[in-house]
Amino acid sequence: MLKTRYLLIYVAAMTLVVVASNFLVQFPLNGEIAGIQLGDILTWGAFTYPVAFLITDLTNRQFGPQTARKVVFAGFVVGVTLSFVTSVPRIAIASGSAYLAGQLLDIALFNRLRRQAWWRAPLVGSLIGSLLDTLMFFSLSFAAFFVLLGANTPFALEQAPILGIFATEAPRWISWAIGDFSVKLIVGLVMLLPYGALMNVLKPMQPIRAS
């Protein structure tokens, strides 16, 4: 069936993004902007991960929220499995929980806004979903409050100037979260280009109802 073929493509694409992001998160970004050492707050994984929201939104547009959730859950299984193999349990729990919450929120918002201006649903869904994802991942991974999930990382909890340039200090993981979401914000805006290009090709295959 055509739907099955598309579904397999979306699942394969989501799996590729999750695998690539888990790999690229190991490599800091080199360079400096406005005195900010990018390697201290960013990895290359921050640039690939937002593509997951594009895949979710295209699936949602074409087949609706129920199918989009299937694609998200497939990525969740892959992501959690990889995280437990390549990192400590606390990071794996944070990664899986943040991914699932962010993607499901994106689906809900997209479906609510899908009949408005073409750009509103993918933009609002992906940005708010990314914000939730970022807050959950860095909080669960590094905040002292969530020590029950695993040992705290002393370096992440050390006080340091925010982004390395401001007088105000905060735990280092705050700067990591700000840098991560800043990239997601930029990439989320850029992802409107491929979404706009594909929306007339990947048209809804059946009437979509709120779910």
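Residues numbered from 1 in each chain as written. Predicted model: local features only at pLDDT ≥ 70, side-chain atom pairs only at ≥ 80, totals over all residues. Heavy atoms only, no water.

## Here's the deal with the layout of surface pockets
- In this structure, the largest pocket spans a volume of roughly 1000 Å³.
- Lining of the largest pocket is provided by 37 residues; of these, Ser 21, Val 25, Thr 43, Ile 91 and Phe 137 occupy positions nearest its centre.
- Broken down by secondary-structure element, the contributors of at least two residues to the lining of the largest pocket are α1 (2–24), α2 (45–48), α4 (65–86), α5 (89–113), α6 (120–142) and α8 (172–190).
- Top element by residues in the lining of the largest pocket is α4. It accounts for seven residues.
- Residue composition of the lining of the largest pocket, grouped by class: 20 nonpolar, 13 polar and four charged.
- Its boundaries defined by the atoms lining it, the second largest pocket holds a volume of some 220 Å³.
- Taken together, 14 residues make up the lining of the second largest pocket; nearest its centre are Leu 38, Leu 42, Ser 182, Val 183 and Ile 186.
- In terms of residues, the lining of the second largest pocket owes the most to one element, α8, which gives six residues. (1 Å grid on protein atoms, 1.4 Å probe; cavity = no way out; pocket = protein on both sides within 12 Å on 5 of 7 lines; lining within 4 Å. Points joined across faces, edges and corners; volume = space filled by probe spheres on them. Helix = DSSP H or I, 4+ residues; strand = E, 2+ residues; numbered from the N terminus. Nonpolar A, V, L, I, M, F, W, Y, C, P; charged D, E, K, R; others polar.)

## Points about the pattern of salt bridges
- Inspection of the entire model under this criterion finds three salt bridges.
- Between Glu 158 and Arg 172 there is a salt bridge, with its nearest N and O atoms 3.3 Å apart. Of this pair, Glu 158 sits in the loop between α7 (154–157) and β3 (159–161) while Arg 172 sits in helix α8; the two residues are 14 residues apart in sequence, bridging distant segments of the chain.
- Given a relative accessible area of 36%, Glu 158 falls into the partly exposed group.
- Arg 172 gets classed as partly exposed once you look at its relative accessible area, which sits at 26%.
- Salt-bridge contacts for Lys 184 lead to Asp 180; the nearest nitrogen and oxygen are separated by 2.9 Å. Within this pair, Lys 184 and its partner Asp 180 are both found in helix α8, separated by four residues, close to a single helical turn.
- Residue Lys 184 is classed as buried on the basis of its relative accessible area of 5%.
- Residues participating in the shared-partner salt-bridge network are Asp 133, Asp 180 and Lys 184. (Salt bridge = Lys/Arg side-chain N within 4 Å of Asp/Glu carboxyl O. Buried < 20%, exposed > 50% of the residue type's maximum accessible area, 1.4 Å probe, protein only.)

Geometric descriptors of this kind do not, in isolation, establish any biological role.
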